[in-house]
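Observations on chain architecture
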Amino acid sequence: MATMVKLSISLLLLTLITKGVCDCGLNNITIGTIRSGRETKGKAEWNVVVVNNCDCPMQKMVLSCNGFHTTEPVDPTIFKPTGDNKCSINNGGSIPGKNTVKFSYAWDPPFFLRPTSVIASC
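In this report, the structure presented in the accompanying data block is examined. (Residues numbered from 1 in each chain as written. Predicted model: local features only at pLDDT ≥ 70, side-chain atom pairs only at ≥ 80, totals over all residues. Heavy atoms only, no water.)

**With respect to the environment of Asn28**
Put simply, the test is: Helix numbering and strand numbering both begin at the N terminus, where a helix is a DSSP run of H or I of at least 4 residues and a strand a DSSP run of E of at least 2. When checking whether two residues touch, look at their non-hydrogen atoms; a contact exists if any pair is within 4.5 Å. N or O atoms within 3.5 Å of each other form a polar contact, as long as, within protein, one can give a hydrogen and the other can take it, and as long as residues adjacent in sequence are counted only when both atoms are side-chain atoms.
Checked against the element boundaries, Asn28 lands in the loop between helix H1 (2–22) and strand S1 (29–40). In this structure the C-alpha to C-alpha distance between Asn28 and Lys98, which are 70 residues apart in sequence, comes to 9.7 Å. Ignoring any residue separated from it by four or fewer positions in sequence, one finds Asn28 in contact with Asp23, Val51, Asn52, Asn53, Cys54 and Met58. A polar side-chain atom of Asn28 sits 2.9 Å from the main-chain amide nitrogen of Gly25.

Here you go:
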């Protein structure tokens, strides 16, 4: 009987720990945009950092990027408009836990980028 109780408690704790580690989603993504001080074709350049604040990798990240334009090319494997005012990050690939993806674009004013979907891979 004591063994069953210990096993049950161990399973409960393991479940809670796993749930805590894998409870990642949109709230674990931070997007920072800061002006670089440079201009491209008369438009201000903006440096963007997308941060995965979760311990687990995140994949298939999509941002809202209504009306996105740039006068400076952006590597499409890092940031790519996909239509319907959405943009793909890292070509949908995995962003390791506690890691970042960075890119720059040139336009004025800056675009409001916010995460709309992501899949945590715990």
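From this point, the narrative continues.
**Thoughts on the sheet that holds strand S3 (residues 58–64)**
Where strands meet in a sheet, backbone hydrogen bonds hold them as pairs that are either parallel or antiparallel. Formally: By this definition, two strands are paired if DSSP reports at least two bridges between them. To get an axis, a line is fitted to the C-alpha atoms, and for a helix only the part in contact is used. The angle between two axes follows their N-to-C directions and goes from 0 to 180 degrees.
Taken together, 4 strands build an open sheet; the order of strands is S4-S5-S3-S7 and the sheet is antiparallel. The sheet is open, and its two borders are formed by strand S4 (79–83) and strand S7 (114–120), each paired with just one other strand. For this sheet, the mean angle separating the axes of adjacent strands, direction not counted, is 25 degrees. Both S3 and S7 contribute to a ladder of 5 bridges, which runs antiparallel. Directly across from Gln59, in S7, lies its bridge partner Ile119.

**Quick notes on the nonpolar core**
Test applied: We call a set of buried residues a nonpolar core when its members are Ala, Val, Leu, Ile, Met, Phe, Trp, Tyr or Cys and they connect through side-chain atoms within 4.5 Å of each other. Only protein chains enter the accessibility calculation, which uses a 1.4 Å probe; a residue is then buried when its area is under 20% of its type maximum, exposed when over 50%, and partly exposed in between.
Of all hydrophobic cores here, the largest spans 24 residues; its most connected members are Val50, Met61, Phe79, Ile89, Phe103, Tyr105 and Leu113. At the level of secondary structure, the elements contributing two or more residues to this core comprise strand S2 (43–52), S3, strand S5 (86–89) and strand S6 (100–106). Among the elements that line this core, the one with the most residues is S2, at 4 residues. Not counting chain neighbours up to four residues away, the residues in contact with Tyr105 comprise Thr33, Ala44, Glu45, Trp46, Val48, Phe68, His69, Thr70, Glu72, Val74, Pro110 and Phe111.

**Digging into the packing of aromatic side chains**
The geometry of two aromatic rings is summed up by the distance between their centres and the angle between their planes. Note the threshold: Centre distance within 6.5 Å is the pairing criterion for rings of Phe, Tyr and Trp, where only the six-membered ring of Trp is used; planes under 30 degrees apart are then read as stacked, over 60 as edge-to-face, and the remainder as tilted.
Summed over all chains, the structure comprises 5 aromatic pairs. Relative to Tyr105, the ring of Phe68 lies with its centre 5.1 Å away and its plane at 70 degrees, an arrangement referred to as edge-to-face. Of this pair, Phe68 sits in the loop between S3 and S4 while Tyr105 sits in strand S6, and the two are 37 residues apart along the sequence. For Phe68, a relative accessible area of 14% translates into the label buried.

**Some details on the pattern of salt bridges**
Heads up, the condition is: For this analysis, a salt bridge means a side-chain nitrogen from Lys or Arg found within 4 Å of a carboxyl oxygen belonging to Asp or Glu.
Throughout the structure, instances matching the rule amount to 3 salt bridges. In this structure, Glu45 engages Arg38 in a salt bridge whose closest nitrogen and oxygen atoms are separated by 2.8 Å. The class for Glu45 is buried, based on a relative accessible area of 5%. Asp55 is the salt-bridge partner of Lys98, the closest N and O atoms lying 3.8 Å from each other. With Lys98 in the loop between S5 and S6 and Asp55 in the loop between S2 and S3, the pair connects residues that are 43 residues apart, well separated along the chain.

**With respect to the state of the cysteines**
We apply this condition: Counting rule for disulfides: a pair of cysteine sulfur atoms within 2.5 Å.
Under the counting rule described, the total for this entry stands at 3 disulfides. Here Cys24 pairs with Cys54 through a disulfide, and the sulfurs are 1.8 Å apart. Taking the sign of the S-S torsion, about 70 degrees here, the bridge from Cys24 to Cys54 comes out right-handed. Highlighted residues: Cys24 in the loop between H1 and S1 and Cys54 in the loop between S2 and S3, separated in sequence by 30 residues. Residues Cys24 and Cys54 agree in their burial class; the two are buried. Residue pairing for Cys56: its cysteine sulfur links by disulfide to Cys122, the two sulfurs lying 2.1 Å apart. Negative torsions about the S-S bond denote left-handed disulfides, and the value of about 110 degrees found for Cys56 with Cys122 makes this one right-handed. Within this pair, whereas Cys56 is found in the loop between S2 and S3, its partner Cys122 is found in the segment after S7, the two being separated by 66 residues in sequence. Taken in sequence order, the bonded cysteines of the protein link in the pattern 1-2, 3-6, 4-5.

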